[in-house]
Protein chains: 2
Amino acid sequence: MNKIVTISRQFGSGGREVGKRLADALNCAYYDQEVIVNIAANSGLSEKYIQSVLNNSVSSYYPLTYGRTLSYPNSAWENQAKVMQAQRQVILEMAEQSDCVIVGRCADHILAEYAPLNIFVCADLPARMRRCRSKAAEDEQLSDQQLKKKIKQIDKNRANYYTTFTGRAWGDPEQHHLCLNTSNIAIKSVIPALVAFCHCWFDPARP
Amino acid sequence: MNKIVTISRQFGSGGREVGKRLADALNCAYYDQEVIVNIAANSGLSEKYIQSVLNNSVSSYYPLTYGRTLSYPNSAWENQAKVMQAQRQVILEMAEQSDCVIVGRCADHILAEYAPLNIFVCADLPARMRRCRSKAAEDEQLSDQQLKKKIKQIDKNRANYYTTFTGRAWGDPEQHHLCLNTSNIAIKSVIPALVAFCHCWFDPARP
């Protein structure tokens, strides 16, 4: 069975960087946006629509694109179910292919039978704000208050999405194997420790 | 400045074992029950009374022992403050002496100026019950329901105590640097990863 690491992460905590660097260090595949691209390819839905569903902001008035045809869904729920099913299928296929690190998308729940190592990445609000600022497009002009509101809203959506999908509490240390707080540490420097943890987790002799 | 690791832990999660093994691996001092012994030596209070205060179960009717004299406190709060102050002093002295691992007792808060590495150790309830059973005295005959109740009550006391003392949420991944879930792993096997994390945390070049 392939070795799978899943990363759940607070917005702005550097979870993607943790995932990418860890995958590089483990010399395995890394999946993040690729999941969306694959769902789009398999389902015929647009990447934008899929992203909106997965951000938990689906609207029943949002137009779908099937091939080149625009249509309006009868029910937002039906399409949400369709996206979730497509996502599940894509993630299962990725896990079947090779060892990998998958960021977000409830992969810890979908791949439970693989006994993945599930990592939660978080940081305090000031650190997340700094990271968001450093990554923001040049024309983004959010005030501190607007940025805080954005971060909290995205995390609220992620928590709701995770709980709806898995029945578990997002960010609860009991629901993950390791929670890493990146507030006061360079992510690059902590990768050897995470690799050591992976070796321990995937040791065939683990009880 | 000495290198300090603090361990907060859910009851039955193996936090003490993590702390002891980590201290051995780092070749540094380990403090747990020693804090109580030292408070008793410094304050003249009995170890039993100190433990009851630190378990957040202080009673205003609990007799104090000053040297060989029994007396009844005027106020539970006064004595709680006295114990907390004595504890703070003992922990500060321990941190001043040498590198160390300290388990519990809000040491992360008391030693904030040392920039300690703060680890939270948890496990799911079945794992904690198994650990409690394996450590229980032979004559302990708790039913599963009684054991669950005991675990939850002790954790509730720890959470209340931590929040009262620090103003922060116990077990929130944002409030610790690393949260380790011991449910599905042998603690011994994870120590090299924790040592690697310590090396990264205490690297003089850390930003």
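Residues numbered from 1 in each chain as written. Chains lettered and ligands numbered in written order. Predicted model: local features only at pLDDT ≥ 70, side-chain atom pairs only at ≥ 80, totals over all residues. Heavy atoms only, no water.

Applying the stated rule across the entire model yields zero disulfides over all chains. C132 of chain A carries a free sulfur, and the closest cysteine sulfur to it, the one in C122 of chain A, is 14 Å from it. You can call C132 of chain A buried: its relative accessible area is 11%. There is no disulfide at C100 of chain B, and the cysteine sulfur nearest it, in C28 of chain B, is 6.6 Å away. (Disulfide = S-S within 2.5 Å. Buried < 20%, exposed > 50% of the residue type's maximum accessible area, 1.4 Å probe, protein only.)

Note on the copies: chain A fits chain B at an RMSD of 0.0 Å, the axial shift is 0.0 Å, and the rotation between them is 180 degrees. Such values leave the two copies arranged in the relation of a two-fold axis. The residues that chain A uses at the interface reappear at the interface of chain B in 100% of cases, marking a shared surface. (Least-squares fit on C-alpha atoms with pLDDT ≥ 70 in both. Contact = heavy atoms within 4.5 Å.)

Residue and element names in this part refer to chain B. The interhelical angle for the contact between helix α1 (residues 15-26) and helix α8 (residues 187-201), taken along N-to-C directions, is 55 degrees, at an axis separation of 9 Å. Taken together, the axes of α1 and α8 lie oblique to each other. Relative to α8, α1 is oriented so that their crossing is right-handed. Here E17, V18, R21, L22, A25 and L26 of α1 lie close against α8, whose contacting residues are I187, K188, I191, L194, V195 and C198. (Axes fitted to C-alpha atoms, helices over the stretch in contact; angles between N-to-C directions. Helix = DSSP H or I, 4+ residues; strand = E, 2+ residues; numbered from the N terminus. Parallel < 35°, antiparallel > 145°, perpendicular 65-115°, else oblique. Left-handed = near helix turned anticlockwise from the far one by under 90°.)

Residues and elements named next belong to chain A. In the predicted model, chain A carries a mean pLDDT of 87, and 89% of its residues have values of at least 70. Below pLDDT 50 for its whole length, residues 57-62 participates in 14 contacts with residues either more than four positions away or in separate chains. This complex was scored by the predictor with a pTM of 0.87 and an ipTM of 0.86. (pLDDT = per-residue confidence, 0-100.)

With that settled, the discussion passes to the packing of aromatic side chains. Two aromatic rings, taken as a pair, are described by how far apart their centres are and by the angle between their planes. Counted by the stated rule, this structure contains four aromatic pairs over all chains. Here Y161 of chain A and F165 of chain A contribute two aromatic rings whose centre-to-centre distance is 6.0 Å and whose plane-to-plane angle is 5 degrees, an arrangement assigned as stacked. Of this pair, Y161 of chain A and F165 of chain A both sit in helix α7 (residues 144-166), four residues apart, which is roughly one turn of the helix. Seen in terms of ring centroids, F120 of chain B and W170 of chain B are 5.2 Å apart; in terms of plane orientation they differ by 90 degrees. Their pairing is edge-to-face. Taken together, the residues span a long stretch of sequence, with F120 of chain B in strand β6 (residues 117-122) and W170 of chain B in the loop between α7 (144-166) and β7 (178-181) at a distance of 50 residues. Look at W170 of chain B and you get buried, because its relative accessible area is 17%. (Phe/Tyr/Trp six-rings, centres within 6.5 Å; stacked < 30°, edge-to-face > 60°.)

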